[in-house]
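Breakdown of the fold
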Amino acid sequence: MGWLDKLLGGDAGAKATVPGVRQGDASPATALEIDAAYYRWLAAARPPRAAPQLEVRILDELARLARSPGAGAALVPRVPEIIPQLMRTLRSDEMNAADLSRQLSADMVLVAEVYREANRPAYLPRYHSGPPINSIQAAIMLLGQNGMRMLLARVAFRPVVSMQSGRLARRAAPLIWRQSEKSALAASLLAPGLRANAFEAYLAGLMENVGLVVAMRIVDQHCADEALPWSDPFIAGLFQHARILSAQIAALWEFPATVAEAIGQAAREDAGPLAQALALGGRLGKLRMLVDAGQIAADDPFVIDGLGETALVVLAQLEDDE
């Protein structure tokens, strides 16, 4: 039993009728049960499932990729070069909006994203009662340093995660991206209470699923027909290898060492504060996706059992505001 299972242990409640989840157990859902429900929803996996021998071949291929991080990284596009430059500008405690706006002006896609974010309902009701924000410097000042950091990270990762080919990857990747955004936000909100860095938690939440996208592409390469692998042992192996790949690709892309380490440690007994924020954020992100997709009710014991008050508040905050 890992640290997260211990943290969530002890609350009573019946399990929900979610495919792949054992019934009649009073303990909170395990990480594997949530991963299984999440994967089967992503893949729309239904009987008949792929032959056990095929599941073994896919897991063997993922293990091979984990021994060669460059091969796994080659299956997803790298983040645009402008993003690390902008991140370096944002490292300063005294952000210069004029300098940042000049850098942003070189990429009109980024400019559009900054305007879109600054004019979201989450910002305007609290800070602005006039016309929409239409100055890039005003938008930067409104979003602030952390808001800009998170926005740029999100823009950087969107094509990495969501633009994929192949039957399964094409269906799953946009959903994985939405879960990544939710998990990253959740991890960043949980981090201060665990004495972890909020922005590093956000980066780790976005990065954690890159390996899962690689895994989906490998499944596509091996499954030409409609039958997909979906046994519990396969799902456990898939998420384990995906996590390893994500951590290795993060290191290969020269992300902060703390981010790569947190991704690798998130399922371990000795997880540090950043890894704990990431693991609980990932749990909440997956549950939120299942709830919003109508797979399970928001107040079902499968969702809420074992969650403390803070986690429940964060889970509610992950609901789409648009």
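Residues numbered from 1 in each chain as written. Predicted model: local features only at pLDDT ≥ 70, side-chain atom pairs only at ≥ 80, totals over all residues. Heavy atoms only, no water.

1. Some thoughts on the overall build of the chain
Broken down by element type, the chain carries 17 helices and zero strands. Here the chain holds 322 residues, and 53% of them are scored as buried. Across the chain, the fraction of contacts at a sequence separation of at least 24, relative to all contacts at a separation of at least 6, is 74%. Carbon and sulfur atoms make up 54% of the accessible area of the chain, which amounts to about 14400 Å² in all. (Helix = DSSP H or I, 4+ residues; strand = E, 2+ residues; numbered from the N terminus. Buried < 20%, exposed > 50% of the residue type's maximum accessible area, 1.4 Å probe, protein only. Contact = heavy atoms within 4.5 Å. Areas by Shrake-Rupley, 256 points an atom, 1.4 Å probe, with all protein chains shown as cover.)

2. Focus on helix α6 (residues 97-104)
Taken together, the buried positions of α6 are occupied by Ala-97, Leu-100, Ser-101 and Leu-104. Within α6, the buried residues cover an arc of 100° as seen down the axis, which keeps them to one side. (Arc of directions from axis to C-beta.)

3. Quick look at helix α15 (residues 273-292)
Here α15 spans 28 Å end to end across 20 residues, near enough to the 28 Å set by a 1.5 Å rise per residue. By the criterion of burial, α15 is predominantly enclosed, with 17 of the 20 residues buried. The first or second residue beyond α15 is Gly-294, which carries a positive phi of 75°. (Expected span 1.5 Å × (residues − 1).)

4. Some points on the packing of helix α10 (residues 167-190) against α15
At a closest axis distance of 7 Å, the pairing of α10 and α15 adopts a crossing angle of 135°. Between α10 and α15, the interaxial angle falls into the category oblique. In this structure, α10 meets α15 at a crossing whose hand is right-handed. Contact residues: Leu-175, Arg-178, Gln-179, Lys-182, Ser-183, Ala-186, Ala-187 and Leu-190 in α10; Ala-277, Leu-278, Leu-280, Gly-281, Gly-282, Leu-284, Gly-285, Lys-286, Arg-288, Met-289 and Asp-292 in α15. Its residues assigned to classes, the contact of α10 with α15 shows nine nonpolar, five polar and five charged. (Axes fitted to C-alpha atoms, helices over the stretch in contact; angles between N-to-C directions. Parallel < 35°, antiparallel > 145°, perpendicular 65-115°, else oblique. Left-handed = near helix turned anticlockwise from the far one by under 90°. Nonpolar A, V, L, I, M, F, W, Y, C, P; charged D, E, K, R; others polar.)

5. Overview of the packing of helix α2 (residues 31-43) against helix α13 (residues 232-252)
At a minimum axis distance of 10 Å, the contact between α2 and α13 shows a crossing angle of 95°. Comparing their axes, α13 and α2 come out roughly perpendicular. In this structure, α2 contributes Leu-32, Asp-35, Ala-36, Tyr-38, Tyr-39 and Arg-40 to the contact, and α13 contributes Asp-232, Phe-234, Ile-235, Ala-236, Leu-238 and Phe-239. Looking at side-chain class alone, the contact of α2 with α13 contains nine nonpolar, no polar and three charged residues.

6. Describing unusual backbone geometry
You will see that Arg-195, though not glycine, has its phi angle at about 60°, which is positive. The residue Arg-195 is located in the loop between α10 and α11 (198-207) in this model. The exposure class of Arg-195 is exposed, given its relative accessible area of 81%.

7. Structural notes on the side chain of Ser-180
Its place among the elements puts Ser-180 in helix α10. Of the residues examined, Ser-180 reaches a relative accessible area of 0% and is grouped as buried. Among the polar contacts made by the side chain of Ser-180, one reaches the side chain of Asn-209 at a distance of 2.9 Å. Aside from chain neighbours lying at most four places away, what touches Ser-180 is Gly-205, Leu-206 and Asn-209. (Polar contact = N/O pair within 3.5 Å; in protein donor to acceptor, adjacent residues only side chain to side chain.)

8. Considering the environment of Leu-42
Position of Leu-42 among the secondary structure elements: in helix α2. Leu-42 gets classed as buried once you look at its relative accessible area, which sits at 0%. Residues Leu-42 and Pro-174, spaced 132 residues apart in sequence, show a C-alpha to C-alpha distance of 9.9 Å. Non-local contacts of Leu-42, meaning those with residues more than four positions away in its chain, are made with Leu-168, Arg-171, Ala-172, Leu-175, Ile-176 and Met-216.

9. Brief notes about the confidence of the model for the chain
Looking at the chain, the pLDDT average stands at 81 and 81% of residues meet or exceed 70. For the chain, per-element mean pLDDT is lowest for helix α1 (residues 3-7), which scores 46, and highest for α15, which scores 96. Low pLDDT, under 50, characterises residues 9-24; the stretch is placed with 48 contacts to residues that sit more than four places away or in other chains. (pLDDT = per-residue confidence, 0-100.)

10. Here we look at the nonpolar core
If you look at the biggest cluster of nonpolar residues, it comprises 87 residues, and the most contacted ones within it are Leu-62, Met-207, Met-216, Leu-238 and Leu-284. Looking at which element gives the most residues to this core, the answer is α15, with 11 residues. Ignoring sequence-local partners within four residues, the contact set of Met-216 consists of Tyr-39, Leu-42, Leu-168, Ala-169, Ala-172 and Ile-176. Core analysis: the next-biggest nonpolar cluster, separate from the first, contains 16 residues, Ala-97, Leu-143, Leu-152 and Val-155 among them. (Core = buried A, V, L, I, M, F, W, Y, C linked by side-chain atoms within 4.5 Å.)

11. Digging into the pattern of salt bridges
Inspection of the entire model under this criterion finds five salt bridges. The closest approach of N and O atoms between Asp-35 and Lys-286, which form a salt bridge, is 2.5 Å. Here Lys-286 lies in helix α15 and Asp-35 lies in helix α2, a separation of 251 residues in the sequence. Of the two residues, Asp-35 and Lys-286, neither departs from the other in class, the shared state being buried. The shortest N-O distance in the salt bridge between Asp-232 and Arg-40 comes to 2.8 Å. Taken together, the residues span a long stretch of sequence, with Asp-232 in helix α13 and Arg-40 in helix α2 at a distance of 192 residues. Salt bridges here are not isolated pairs; linked through shared partners, they connect Lys-182, Arg-288 and Asp-292. (Salt bridge = Lys/Arg side-chain N within 4 Å of Asp/Glu carboxyl O.)

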